[in-house]
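The chain contents come next:
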Amino acid sequence: MKLYAIAPDGTPVFVHDYAGEALGEDYALADVVENFALGRFEGDVLVLTRKELRDMKNFADASSFDHAEGFIEMCLEMSRVAATLPGDTVRFVSEFG
C-alpha cells in the first residue's frame with residue numbers, strides 16, 4: 001500500500017510505501033492520530049496543520065524507540081514531503097483514486 005499527500009490542485013504526491021508486513025510491523029496512517037493525537041480524518045483523508053506536522057516530526061524523533069521503525073519513517077517522510085507543499089494544512093491518503 002502506498003501513502004500520498006494531496007497537493008492543493010488535487011495531484012497525488014508519493015510519500016511512503018508501507019513495508020510493514022515485510023518487516024513484521026503493523027502500522028497505518030491512522031496511527032498518527034492514535035499514537036500522537038494529531039490531525040483529523042475527513043473520510044479516508046488525514047488532515048494535518050503545519051503545527052501538527054512540526055509536532056509529528058518532533059514526536060517521531062523523540063519516540064523513535066517506542067514505535068515501529070516503519071511508522072517513524074512514514075512520519076518523517078510525511079514531514080519532508082509536506083515541507084514542499086503550500087497551504088496551511090496538508091492532506092494525506094493511503095490509496096489515491
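Criteria and thresholds
Residues numbered from 1 in each chain as written. Predicted model: local features only at pLDDT ≥ 70, side-chain atom pairs only at ≥ 80, totals over all residues. Heavy atoms only, no water. Helix = DSSP H or I, 4+ residues; strand = E, 2+ residues; numbered from the N terminus. Rg over C-alpha atoms; globule rule 2.2 N^0.38 Å. Buried < 20%, exposed > 50% of the residue type's maximum accessible area, 1.4 Å probe, protein only. Contact = heavy atoms within 4.5 Å.

1. Section: the overall build of the chain
Scanning the chain from N- to C-terminus turns up 4 helices and 5 strands. In sequence order, the chain lays out its α and β elements as β-β-α-α-β-β-α-α-β. Against the compact-globule benchmark of 13 Å for 97 residues, the chain has a radius of gyration of 12 Å, which places it among compact chains. For the chain, the spread of C-alpha atoms along the three principal axes comes to 35 × 25 × 25 Å.

2. Re unusual backbone geometry
Its identity is not glycine, yet Ala37 carries a phi of approximately 55°, on the positive side. On the basis of relative accessibility, which here comes to 64%, the residue Ala37 falls in the exposed class.

3. As for the environment of Glu95
For Glu95, the position within the fold is in the segment after strand 5 (89–93). Put simply, Glu95 and Ala83 are 12 residues apart on the chain and 21 Å apart in space, counted from C-alpha to C-alpha. If we ignore the near neighbours within four places in the chain, the residues touching Glu95 are Met1 and Lys2.

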